[in-house]
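Single-letter residue listing:
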Amino acid sequence: MNEKMVAGWNADVAVFFRAWVEINHVALAYNVQQLQSKLSPATKIMAVVKADGYGHGMIQVAETVLANGASSLAVATVEEGVQLRQGGIEAPILVLGAVNSEEEVSAIAFYNLEPTICTLQQAEIFSKLLQSLNQNLPIHILFDTGMSRLGTLWQEIVPFVEGVQKLPNLEIASIYSHFATADDPDLTMMWRQQERFVSAIAQLKEHGFTPKSLHLANSAATLVSSKLHYDLVRIGLSLYGLYPAPHLQEKVELQPVLE
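Owing to the predicted nature of the structure, the values given are computational and were not obtained by experimental measurement.

About the thresholds
- Residues numbered from 1 in each chain as written.
- Predicted model: local features only at pLDDT ≥ 70, side-chain atom pairs only at ≥ 80, totals over all residues.
- Heavy atoms only, no water.
- Helix = DSSP H or I, 4+ residues; strand = E, 2+ residues; numbered from the N terminus.
- Expected span 1.5 Å × (residues − 1).
- Buried < 20%, exposed > 50% of the residue type's maximum accessible area, 1.4 Å probe, protein only.
- Arc of directions from axis to C-beta.
- Contact = heavy atoms within 4.5 Å.
- Axes fitted to C-alpha atoms, helices over the stretch in contact; angles between N-to-C directions.
- Parallel < 35°, antiparallel > 145°, perpendicular 65-115°, else oblique.
- Left-handed = near helix turned anticlockwise from the far one by under 90°.
- Nonpolar A, V, L, I, M, F, W, Y, C, P; charged D, E, K, R; others polar.
- Polar contact = N/O pair within 3.5 Å; in protein donor to acceptor, adjacent residues only side chain to side chain.
- pLDDT = per-residue confidence, 0-100.
- 1 Å grid on protein atoms, 1.4 Å probe; cavity = no way out; pocket = protein on both sides within 12 Å on 5 of 7 lines; lining within 4 Å.
- Points joined across faces, edges and corners; volume = space filled by probe spheres on them.
- Core = buried A, V, L, I, M, F, W, Y, C linked by side-chain atoms within 4.5 Å.
- Pairing = 2+ DSSP bridges.
- Right-handed = clockwise from strand over helix to strand, strands pointing away.

Asks: Report on helix α8 (residues 188-206), specifying residues and quantitative values.
Replies: Because an α-helix packs 3.6 residues into every turn, residues spaced three or four apart end up facing the same way. Its 19 residues give α8 an end-to-end C-alpha distance of 27 Å, which sits within 8% of 27 Å, the value for a rise of 1.5 Å per residue. Looking at α8, one finds that the buried residues are M190, Q193, Q194, F197, A200, I201 and L204. In a view along the axis of α8, the buried residues occupy a sector of 130 degrees, so they form one face of it. The exposed set on the far side of α8, more than 90 degrees from its buried face, consists of E195 and E206. Contacts from the buried residues of α8 go to β7 (137-144), α7 (157-165), β9 (170-176), β10 (214-215) and α9 (219-224).

Structural data, given as structure tokens:
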């Protein structure tokens, strides 16, 4: 057989594969702009690029969304944040997952990532290591209003924040929570979580602490109501042209990014 023939294909011409993935960054930019148009100028987009940008290519997605209106990024793990930094991304990066090991804390400090703090014990681990490095670090406090995954209970937010404030080298950049069912047509639970969020923040202010930034909404909640937008919204699924639920399709026009 002619060495230029491979399984019946002529090596002198383009090879066509049965399957491929094509990422449309024009559509990605369009989606960011469409979502931003639903927000007030005071509300920023935190683009969620975990899981390799939902399979779309994390670094390339980060570059596009930041160039088209997103102001910060969110990932699930420290490793993902490190990959973004090594890929040249300089924007603020929030690590959504809980981090407790000294190795991960050191990596967060070295690469200037911003951790989620869920417990006072976790905050103490960060503070101790940061003192040894003579380094301050922005942190984001997560409290649980009903997701029941991570975070201190909303009823305990005041002693939690007061405890964190006493620890050196920690700067509270934001306080946030996460919806469990914002994509459900029945919004009873979502509004209950919203009420708990409002109550917890009011308690903090009564005790003399005013958060620099608040965020609560994921993609679904962002489309449901502007009352949920606060200082930033954490948008993942919708960036990529996917609707969190069928009943939200009329809220905004999105274009699929992956083919």
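Asks: So what's going on with the packing of α7 against α8? Which residues, and what values?
Replies: Closest axis-to-axis distance for the α7/α8 pair is 9 Å, and the angle between their directions is 50 degrees. By the criterion of interaxial angle, the relationship of α7 to α8 is oblique. Both α7 and α8 take part in a crossing whose hand is right-handed. On the side of α7, the interface is formed by I157, V158 and V161, while α8 contributes A200, Q203 and L204. Of the residues assigned to the contact of α7 with α8, the class counts are five nonpolar, one polar and no charged.

Asks: So, the side chain of S177: which residues are in play, and what are the values?
Replies: Tracing the backbone through its elements, the reader meets S177 in the loop between β9 and α8. On the basis of relative accessibility, which here comes to 1%, the residue S177 falls in the buried class. A distance of 2.8 Å separates polar atoms of two side chains, one belonging to S177 and the other to T145. Other than its neighbours up to four places away in sequence, S177 contacts L142, F143, D144, T145, F197, H215, L216 and R234.

Asks: How would you summarise the side chain of T222 if you had to cite specific residues and measurements?
Replies: With respect to the helices and strands, the residue T222 is situated in helix α9. In this structure the side chain of T222 is engaged in a polar contact, spanning 2.7 Å, whose partner is the backbone oxygen of N218. If we ignore the near neighbours within four places in the chain, the residues touching T222 are L39, A217, H229, V233 and I235.

Asks: Could you give an account of the confidence of the model for the protein, naming the residues involved and the relevant values?
Replies: For the protein, per-residue confidence averages 91 on the pLDDT scale, and residues scoring 70 or more make up 93% of the total. Here residues 1-6 scores under 50 on pLDDT; set against residues more than four positions off or in separate chains, the count is five contacts.

Asks: Describe the environment of S127, and please don't skip the residues or the numbers.
Replies: Mapped onto the elements of the fold, S127 is located in helix α6 (residues 120-133). We classify S127 as buried; its relative accessible area is 1%. The residues contacting S127, other than those within four sequence positions of it, are L167, P168 and L170.

Asks: For the layout of surface pockets, give the residues involved together with the corresponding values.
Replies: In this structure, the largest pocket encloses a volume near 650 Å³. Forming the walls of the largest pocket are 29 residues, and the residues nearest its centre are K50, M147, R149, H178 and N218. The set of elements that each furnish at least two residues to the lining of the largest pocket consists of α2 (50-55), β5 (93-98), β7, α9 and β11 (232-235). Broken down by element, the residue count for the lining of the largest pocket peaks at three residues, all from β7.

Asks: Account for helix α4 (residues 78-86), naming residues and giving values.
Replies: Looking at α4, one finds that the buried residues are V78, E80, G81, V82, L84 and R85. Each element contacted by the buried residues of α4 is listed here: α2, α3 (58-67), β4 (70-75), β5 and α5 (102-110). Where α4 ends, the next residue or the one after it, G88, has phi of about 95 degrees, a positive value.

Asks: Which residues make up the nonpolar core, and what values do they have?
Replies: V65, L73, L84, F126, I157, I175 and L239 are the most contacted members of the largest nonpolar core, which totals 72 residues. Leave out the neighbours within four places in its chain, and L84 touches V49, M58, I59, A62, L73, V75, I89 and I93.

Asks: Which residues make up the pairing of strand β6 (residues 114-117), and what values do they have?
Replies: The two faces of β6 match: E114 and T116 on one face and P115 and I117 on the other face are all buried. One ladder, built from three bridges, connects β5 with β6; its direction is parallel. If you follow A98 over to β6, its bridge partner there is T116. Crossover connection from β5 via α5 to parallel β6: handedness right-handed. Taken together, the two bridges between β6 and β7 define a ladder with parallel strand orientation. Along β7, the bridge assignment pairs I117 with I141. Each parallel crossover has a hand, and for β6 linked through α6 to β7 it is right-handed.

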